[in-house]
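# Coordinates in review
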Amino acid sequence: MHPLAFTVPPVEELVTWPPIWTLHLAGFDLSINRVVLLIFLATGVASALFLAAFTRPKLVPRGIQNVAEIGVEFVRNGIIMETVGPEGLKWLPYFTALFFFILFNNMLEVIPGINFPTNCRMGMPLFLTGISWVMFNVVGIQKQGFLKYLKNLVAPAGVPAYVLPIFAPIELVSTLIVRPLTLSVRLFANMLAGHMILTVFFLATDLFFAPKITALMAVAPFALAVALLGFEVLVAFLQAYIFTILTAVYIQLAGEHH
Amino acid sequence: MEQAAASSLGALIGAGIVYGGAAIGPGIGIGYIVGRAIDSTARQPEMGGRVQTLMFIGIAFTEALALFGLVLSFIIQGNA
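Bear in mind the structure is a predicted one, so any value in this text is a computation, not a measurement.

### Side note on the overall build of chain B
Check the secondary structure of chain B and you find 2 helices and 0 strands. Over its C-alpha atoms chain B spans a radius of gyration of 19 Å, topping by over 25% the 12 Å that the globule rule assigns to 80 residues. Dimensions along the principal axes, computed over C-alpha positions, put chain B at roughly 65 × 15 × 10 Å. The burial tally for chain B puts 26% of its 80 residues in the buried class.

### So, the interface of chain B and chain A
Opposite the 14 residues of chain B that make contact, chain A presents 17 residues. Connecting chain B to chain A are 2 salt bridges. Put simply, A:E82 and B:R50 hold a salt bridge, and the shortest N to O gap is 3.7 Å. Applying the counting rule to chain B against chain A returns 4 residue pairs in polar contact (both at pLDDT 80 or more). Grouping the constituent residues of the side of chain B that touches chain A by class yields 10 nonpolar, 2 polar and 2 charged.

### Considerations on the pattern of salt bridges
Should the charged atoms of two oppositely charged side chains come close, the side chains can pair. Tallied over the full model, the rule gives 3 salt bridges over all chains. Note that B:E63 is salt-bridged to A:R186, the shortest N-O span being 2.9 Å. With one member in each of two chains, B:E63 in helix 2 (residues 48-78) and A:R186 in helix 7 (residues 164-209) form a pair that bridges those chains. Residue class for A:R186 comes out buried when judged on its relative accessible area of 2%.

### Describing the packing of helix 3 (residues 64-83) of chain A against helix 8 (residues 219-255) of chain A
All names here are of chain A. At a minimum axis separation of 8 Å, helix 3 and helix 8 run at an interaxial angle of 35°. Judged by the sense of rotation from one axis to the other, the crossing of helix 3 with helix 8 is right-handed. Residues F74, G78, I79 and T83 of helix 3 lie in contact with helix 8, whose contacting residues are F237, Y241, T244, I245, A248, V249 and Q252. Across the contact of helix 3 with helix 8, the residue classes tally to 7 nonpolar, 4 polar and no charged.

### Side note on the nonpolar core
Residues and elements named next belong to chain A. Within the largest apolar cluster, 58 residues are counted, with the highest numbers of intra-cluster contacts made by F95 and F99. It is helix 8 that contributes the most residues to this core, 13 residues altogether. Once residues lying within four places of it in the same chain are set aside, the contact partners of F95 are V75, I80, T244, T247, A248 and I251.

### Examining the packing of aromatic side chains
By the definition in use, this model includes 14 aromatic pairs over all chains. With a centroid separation of 5.7 Å and 40° between ring planes, the pair formed by A:F74 and A:F237 is classed as tilted. Of the two residues, A:F74 is situated in helix 3 and A:F237 in helix 8; the sequence distance between them amounts to 163 residues. Of the residues examined, A:F237 reaches a relative accessible area of 33% and is grouped as partly exposed. With centroids separated by 6.3 Å and ring planes inclined at 45°, the aromatic side chains of A:Y250 and B:F61 adopt a geometry described as tilted. Taken together, the residues span two chains, with A:Y250 in helix 8 and B:F61 in helix 2. For B:F61, a relative accessible area of 40% corresponds to the partly exposed category. Within the aromatic cluster, the residues linked to one another by ring pairs are A:F50, A:F54, A:F74, A:F99, A:F100, A:F104, A:F237, A:Y241 and B:F56. In this structure, A:R34 is placed above the aromatic ring of A:W17, and the distance from its NZ or CZ to the ring centre is 4.5 Å.

### Concerning the environment of A:T199
All names here are of chain A. For T199, the location among the structural elements is in helix 7. Here T199 falls in the buried class, since its relative accessible area comes to 18%. Along the chain, T199 and N115 lie 84 residues apart, while their C-alpha atoms are 9.3 Å from each other.

### Digging into the confidence of the model for chain A
Considering every residue of chain A, the mean pLDDT works out to 88; 96% of them sit at 70 or more. In the model of chain A, helix 1 (residues 11-15) of chain A stands out as the element of lowest mean pLDDT, 79, in contrast to helix 4 (residues 92-107) of chain A, which has the highest, 94.

### Focus: helix 5 (residues 123-144) of chain A
Residues and elements named next belong to chain A. The end-to-end C-alpha distance of helix 5 is 32 Å, a good match for the 32 Å that 22 residues give at a rise of 1.5 Å each. Along helix 5, the positions that sit buried rather than exposed are M124, P125, L128, T129, S132, M135, F136, N137, V139, G140 and Q144. Looking at the packing, one finds that the buried side of helix 5 touches helix 2 (34-54), helix 4, helix 6 (146-154), helix 7 and helix 8. A positive phi of about 85° marks G145, the residue just after helix 5.

About the thresholds
Residues numbered from 1 in each chain as written. Chains lettered and ligands numbered in written order. Predicted model: local features only at pLDDT ≥ 70, side-chain atom pairs only at ≥ 80, totals over all residues. Heavy atoms only, no water. Helix = DSSP H or I, 4+ residues; strand = E, 2+ residues; numbered from the N terminus. Rg over C-alpha atoms; globule rule 2.2 N^0.38 Å. Buried < 20%, exposed > 50% of the residue type's maximum accessible area, 1.4 Å probe, protein only. Contact = heavy atoms within 4.5 Å. Salt bridge = Lys/Arg side-chain N within 4 Å of Asp/Glu carboxyl O. Polar contact = N/O pair within 3.5 Å; in protein donor to acceptor, adjacent residues only side chain to side chain. Nonpolar A, V, L, I, M, F, W, Y, C, P; charged D, E, K, R; others polar. Axes fitted to C-alpha atoms, helices over the stretch in contact; angles between N-to-C directions. Left-handed = near helix turned anticlockwise from the far one by under 90°. Core = buried A, V, L, I, M, F, W, Y, C linked by side-chain atoms within 4.5 Å. Phe/Tyr/Trp six-rings, centres within 6.5 Å; stacked < 30°, edge-to-face > 60°. Lys NZ or Arg CZ within 6 Å of the ring centre and 35° of its normal. pLDDT = per-residue confidence, 0-100. Expected span 1.5 Å × (residues − 1).

Structural data, given as structure tokens:
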């Protein structure tokens, strides 16, 4: 193939995998494909890390317990204490699990031989967002009562009555629809974009490298691809952080009394 | 046949314009937020951690508009 005839495969080809083991149960497609296996892998590695660190915790941490404690401390001080405050500490286990689950799933993108962030399929971010949506609404209803929560949602104190016809629908849509939508799409789009851009540059490297005459030209896309791998590590961490901290912020906003 | 080709070409161009256009505003907004965060951290370095958290939250809210453009461009491409 001539390097100038370089075509990027369509997006569907990058993220669709054939089922390895087919299973249909009561109308649901429960087939196992590579994405599902990778999710199991990420979950298994994250669980194994924390089990190894905290099954027999020592007062003076050594080795892997140090690493895990830094992780938990980051979620505690960097995410929960900065947003919800001390009363949010009861959610520390969930937030830690959420952060590390997303982080390990995203990190699969830069591991050689795997190179597939499972969050670039919409299902996983959508499911996690569903949990966050239920959480912040339940917290709001628990703290303020259903009617008061709804009232504070559409008409907080201090908003003049004559802007309410415009203000109320915007606030309702932005809280109940736009929030979960952006939360899931942000994670999904960032991972998909990273996956696509790495694919493009590695494919270009391969295409330039194959014919002898253009082999030197492969240096540029390869250098860029390696630099982008480093950038994707940052993005993977940042997206896990943003997802977790936004869930915390939504919970804080729902629990606020007006 | 020619009409189908023209329609898919139009969808591709439209998707590009939609995402490009949607990225302008959030780009300016995120630049403003980060600039201000650097400003305030330089003034009061001891507030750096708090400012950084608020900066990320602000970026996340601003970014939402660009994400709408991205989703819309995928929808346009899918309907070509």
